[in-house]
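A look at the structure
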Amino acid sequence: MIFSKIQKPALAALACLLAVAQAVPTTRVEPRSLSFDYNNYKVRGVNLGGWLVLEPWITPSLFERGGDTAVDEYTLTQCLGKDAAHSLLSQHWNSFITAGDFQQISAAGMNHVRIPVGYWAVSPQPGDPYVSGQLDILDQAIDWARAANLKVIVDLHGAPGSQNGFDNSGRRGTINWDKDRSHVNATLDVLSSLIKRYAPHSDVVTAVEALNEPMTVMGDSGVDLNNLKQFYYDTWGRVREVNQDTVLTLHDGFQDIDSWNGFMGQNSGVWNVMMDTHHYEVFDNGLLADNIDQHVQAACTFGKNKVGPTDKWTIVGEWTGAMTDCAKYLNGRGVGARWDGSYGQGSSTHGSCSGYAHGEVTALPGSVRSDIRRFIEAQLDAYESRSGWVYWTWTTEGAPEWDMKRQLAANVFPNPVTARQYPGQCN
Ligand SMILES: *[C@@H]1O[C@H](CO)[C@@H](O)[C@H](O)[C@H]1NC(C)=O
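What you see is a predicted model; the values in this text were computed from it and never measured.

1. Examining the site of the ligand
Looking at the ligand, the residues that line it are Arg181, Ser182 and Asn185. For the ligand, whose free accessible area comes to 360 Å², the fraction covered by protein is 35%.

2. Focus on empty space enclosed by the protein
Under the counting rule described, the total for this entry stands at 1 cavity of 30 Å³ or more. In this structure, the largest cavity occupies an estimated 30 Å³ of space. Lining the largest cavity are Trp57, Ile58, Pro60, Lys328, Ala357, His358, Glu397, Gly398 and Ala399.

3. Focus: the side chain of Glu281
Along the chain, Glu281 turns up in the loop between β6 (273-279) and α10 (285-288). It turns out Glu281 is buried and unbridged, and the closest side chain with the opposite charge, Arg374, is 11 Å from it. Side chain to side chain, Glu281 and His279 meet in a polar contact 2.7 Å long. At 2.7 Å, the side chain of Glu281 forms a polar contact with the side chain of His295.

4. A word on the layout of surface pockets
One number sums up the size of the largest pocket: a volume of about 1,000 Å³. Along the walls of the largest pocket sit 41 residues, with Phe166, Glu213, Phe254, Tyr280 and Phe283 positioned nearest its centre. Ranked by residue count, the leading element in the lining of the largest pocket is β6, at 3 residues. Within the lining of the largest pocket, the residues separate by chemical class into 17 nonpolar, 14 polar and 10 charged.

5. Quick notes on the state of the cysteines
As used here, a disulfide is simply a covalent bond connecting the sulfur atoms of two cysteines. One pass over the full model with this rule turns up 2 disulfides. Here Cys300 pairs with Cys426 through a disulfide, and the sulfurs are 2.0 Å apart. Across the disulfide from Cys300 to Cys426, rotation about the S-S bond amounts to roughly -75°, and the bridge is consequently left-handed. Taken as a pair, Cys300 in helix α11 (residues 292-307) and Cys426 in the segment after α13 (404-409) lie far apart in primary sequence, 126 residues in all. On the accessibility criterion, Cys300 (5% relative accessible area) is buried. A residue is classified by how much of its surface remains accessible, and Cys426, at 24% relative accessible area, is partly exposed. With a sulfur-sulfur separation of 2.0 Å, Cys326 is cross-linked through a disulfide to Cys353. In this structure, the disulfide formed by Cys326 and Cys353 twists by about -70° around the S-S bond and is classed as left-handed.

6. Re helix α5 (residues 82-93)
Structurally, the α-helix is built with 3.6 residues per turn, so residues lying three or four positions apart point the same way. Here α5 is 12 residues long and its end C-alpha atoms lie 16 Å apart, about the 16 Å a rise of 1.5 Å per residue gives. Every buried residue of α5 is accounted for by Ala85, Leu88, Leu89, Ser90, His92 and Trp93. In this fold, the buried residues of α5 make contact with α3 (60-64), α4 (73-80) and α7 (134-147).

7. Brief notes about the sheet that holds strand β8 (residues 388-391)
Strand order in the closed barrel made by the 8 strands is β1-β2-β3-β4-β5-β6-β7-β8, with parallel pairing throughout. This sheet shows a mean twist of 25° between the axes of neighbouring strands, independent of strand direction. Direction of pairing for strand β1 (residues 43-47) relative to strand β2 (residues 112-118): parallel, over a ladder of 3 bridges. Paired with Asn47 across the bridge in β2 is Arg114. Along the sheet, α11 makes contact with β6 and β7 (313-319), crossing β6 at roughly 155°.

8. Quick look at the packing of α11 against helix α12 (residues 366-383)
In the contact formed by α11 and α12, the axes pass within 8 Å of each other and the chain directions differ by 10°. When the axis of α11 is compared with that of α12, the two are roughly parallel. Here Ile292, Asp293, His295, Val296, Ala299, Cys300, Phe302 and Gly303 of α11 lie close against α12, whose contacting residues are Asp371, Arg374, Phe375, Ala378, Gln379, Ala382 and Tyr383. Class assignment for the residues of the contact of α11 with α12 results in 9 nonpolar, 3 polar and 3 charged.

9. Quick notes on the packing of α4 against α5
Their axes nearest at 6 Å, the elements α4 and α5 cross at an angle of 120°. As judged from the angle between their axes, α4 and α5 are oblique. Of α5, the residues touching α4 (which contributes Glu73, Leu76, Thr77 and Leu80) are Lys82, Ala84, Ala85, Leu88 and Leu89.

10. Some thoughts on the nonpolar core
With 118 residues, the main nonpolar core has Leu48, Trp51, Phe102, Phe231 and Phe413 as its most contacted residues. The element that contributes the greatest number of residues to this core is α12, accounting for 8 residues. In this structure, Leu48 is in contact with Ile97, Phe102, Ile105, Val113, Arg114, Ile115, Pro116, Thr393 and Trp394, ignoring residues within four places of it in sequence. The next biggest cluster of nonpolar side chains, apart from the first, holds 10 residues, and it includes Phe36, Val43, Val247 and Val390.

11. A word on the pattern of salt bridges
Within the structure shown, the criterion is met by 24 salt bridges. With a closest N to O distance of 3.1 Å, Asp143 and Arg146 form a salt bridge. Placement of the pair is Asp143 and Arg146 together in helix α7, with a separation of 3 residues, close to one helical turn. A residue is classified by how much of its surface remains accessible, and Asp143, at 43% relative accessible area, is partly exposed. Of the charged contacts, one joins Arg238 and Asp189 as a salt bridge, the two residues approaching to 3.0 Å between their closest N and O atoms. Note that Arg238 is positioned in helix α9 (residues 225-242) and Asp189 in helix α8 (residues 181-198), a separation of 49 residues in sequence. By relative accessible area, which is 18% here, Arg238 ends up buried. Judged by its relative accessible area of 42%, Asp189 falls in the partly exposed class. Connected through salt bridges with shared partners, the residues Arg114, Asp155, Glu209, Asp276 and Glu318 form a single ionic network.

Procedures and definitions
Residues numbered from 1 in each chain as written. Predicted model: local features only at pLDDT ≥ 70, side-chain atom pairs only at ≥ 80, totals over all residues. Heavy atoms only, no water. Near = heavy atom within 4 Å. Areas by Shrake-Rupley, 256 points an atom, 1.4 Å probe, with all protein chains shown as cover. 1 Å grid on protein atoms, 1.4 Å probe; cavity = no way out; pocket = protein on both sides within 12 Å on 5 of 7 lines; lining within 4 Å. Points joined across faces, edges and corners; volume = space filled by probe spheres on them. Helix = DSSP H or I, 4+ residues; strand = E, 2+ residues; numbered from the N terminus. Buried < 20%, exposed > 50% of the residue type's maximum accessible area, 1.4 Å probe, protein only. Lys, Arg positive; Asp, Glu negative; His and termini not counted. Salt bridge = Lys/Arg side-chain N within 4 Å of Asp/Glu carboxyl O. Polar contact = N/O pair within 3.5 Å; in protein donor to acceptor, adjacent residues only side chain to side chain. Nonpolar A, V, L, I, M, F, W, Y, C, P; charged D, E, K, R; others polar. Disulfide = S-S within 2.5 Å. Expected span 1.5 Å × (residues − 1). Contact = heavy atoms within 4.5 Å. Pairing = 2+ DSSP bridges. Axes fitted to C-alpha atoms, helices over the stretch in contact; angles between N-to-C directions. Parallel < 35°, antiparallel > 145°, perpendicular 65-115°, else oblique. Core = buried A, V, L, I, M, F, W, Y, C linked by side-chain atoms within 4.5 Å.

Okay, here's the thing in structure tokens:
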């Protein structure tokens, strides 16, 4: 594959190579038909977050089993040791989400799930404390998805060295992913394995996401955008070595989503590429100060001005009904919330986190529940302006602003997802 052979110094010459490739039509392999028609149907889905990749705020109790130093899956498994970690995590994998959840997701009118998985599920690095076994569960999940008529986006959420330094990459702290080329190579090999494993199941696994949230907006301490683009071309080559139709999904790296227009576009000789952008309004003091009307407006504007004009299929692959950052451990274990001023220096106070940090959706005040529903409906409308949406996240131990399973049951998330109490908010 031409794209997997292009090294970084050659990136500037890529346009020329692509022009050559286009001039030779026989090099173009036409895609076979996909089992989901991304041109004519909207992606409506939910992330199965905190399942095969752990996050402190989704399952606080698991992390509390590991002691205070367990701040991510790496340190949790390190604190527990292999045997105890494997026992605790297996129990979690086998109970947190089951076949019945896939049936509920389908019954609410959704057609996709996005399933985060870490590199360590495929090939742990020497010395890693992580435990494995997640792929057996993922295999099972694909059967459950098939039975529920759901499509699966397999999403590589954690890469060696960490692509964003977030706890949800497996390891919180420094971003070393592209600082060492062997990490990038290992990531490509992990993707090859995943694609080979799931290509025979392309009736269900329609898409593989190369890398979740690579942090390209932090200068020298983050990921280099050119390294990321080269990795995306290399990944495309790896996918097409195995399978002509699987959609390659690419996160925007926190660049404006419309800045990717032209990249791997319709005339570049690649096909079946989908962009993924994430939208949150809770990790910034300015946005936290918004009232409900301003939150709705911000979502509508994002959908109209940024997502709508993209030149490739584009999903909003993570977003939430949350309007506070209060969920326990949301900003990291041992870190407070901006909302109530406990985040630390420079945080202003917007209100109390009582009821938001941990609790039932039905225990939220009625006005909060209706505001969350308004905000959710606006986002559903906004993101269906392009290819659709995938909510974050299906379930939690008790983060009421984030827990779709409980929100559907409490009529805070529209059920079915096409129902509207507040129609036309983005018109
Ligand atoms: C990464 O892979 C490339 C291409 O196969 C190879 O040339 C390079 O030596 C590898 N780098 C490392 C550090 O393994």
